[in-house]
Amino acid sequence: MRGRYTPKVVEAVVRLGSRLTYGETQEEQEMLWGVSLSKTTIRKLPIQYGQIGEKVVKKEIGELQNGTEVERCTDQADQMVMSIDGGMILTTTGEWREV
């Protein structure tokens, strides 16, 4: 399958194949992407990518359990925007007021 279909088609097969029956996935792929896939291929891809995801998660869990530093994002935004609608505070007089 690698190289045979676009990454978007592979992603669609994995996502649909993990949520729908293989027959339904086959129908959806043909309708949406014009791609005809066997039920065997549709069965194999979600399993294959699920195993890859499981390895990644287990590695990260192991790093956390061993105290190994997990790579963190250090990028910082130049500006942050926050919006609050209808925030309520309790005033010193015991009343709730919108701020």
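I will try to describe carefully the structure that is included in this document. Everything quoted here is computed from the prediction, not taken from an experiment.

1. Comments concerning the overall build of the chain
For the chain, the count of helices and strands is 3 helices and 2 strands. Of the regular secondary structure in the chain, the N- to C-terminal order runs α-α-α-β-β. Across the 99 residues that make up the chain, the buried fraction comes to 18%. Restricting to contacts in the chain with at least 6 residues of sequence separation, those with at least 24 account for 34%. For the chain, the computed accessible surface area is about 8,600 Å², with 51% contributed by carbon and sulfur atoms.

2. Description of the nonpolar core
Counting 9 residues, the largest nonpolar core is built from Y5, V9, V10, V13, V14, V35, L37, I42 and L45. Of all the secondary-structure elements, those providing two or more residues to this core are helix 1 (7-17) and helix 3 (39-65).

3. Section: the pattern of salt bridges
Counted under the stated rule, the structure contains 4 salt bridges. The partner of E63 in a salt bridge is K59, and the shortest N-O contact between them spans 3.3 Å. With E63 and K59 both in helix 3 and 4 residues apart, this pair spans about one turn of that helix. A salt bridge links R97 to E95; the shortest N-O distance between them is 3.7 Å. The exposure class of R97 is partly exposed, given its relative accessible area of 46%. Residue classification places E95 among the partly exposed positions, given a relative accessible area of 39%.

4. Considering a nonpolar patch on the surface
A contiguous nonpolar surface patch, about 350 Å² in accessible area, is contributed by M31, L32 and W33. Within the secondary structure layout, L32 lies in helix 2 (residues 22-33). According to the relative accessible area criterion, L32 is exposed, its value standing at 52%.

5. A few points about the side chain of T25
The residue T25 is located in helix 2 in this model. Those residues in contact with T25 that lie beyond four places of it in its chain are V13, L16, G17, L20 and I42.

Conventions and cut-offs
- Residues numbered from 1 in each chain as written.
- Predicted model: local features only at pLDDT ≥ 70, side-chain atom pairs only at ≥ 80, totals over all residues.
- Heavy atoms only, no water.
- Helix = DSSP H or I, 4+ residues; strand = E, 2+ residues; numbered from the N terminus.
- Buried < 20%, exposed > 50% of the residue type's maximum accessible area, 1.4 Å probe, protein only.
- Contact = heavy atoms within 4.5 Å.
- Areas by Shrake-Rupley, 256 points an atom, 1.4 Å probe, with all protein chains shown as cover.
- Core = buried A, V, L, I, M, F, W, Y, C linked by side-chain atoms within 4.5 Å.
- Salt bridge = Lys/Arg side-chain N within 4 Å of Asp/Glu carboxyl O.
- Patch = residues over 30% accessible without salt bridge, like charges linked within 9 Å, V, L, I, M, F, W, Y side chains within 5 Å.

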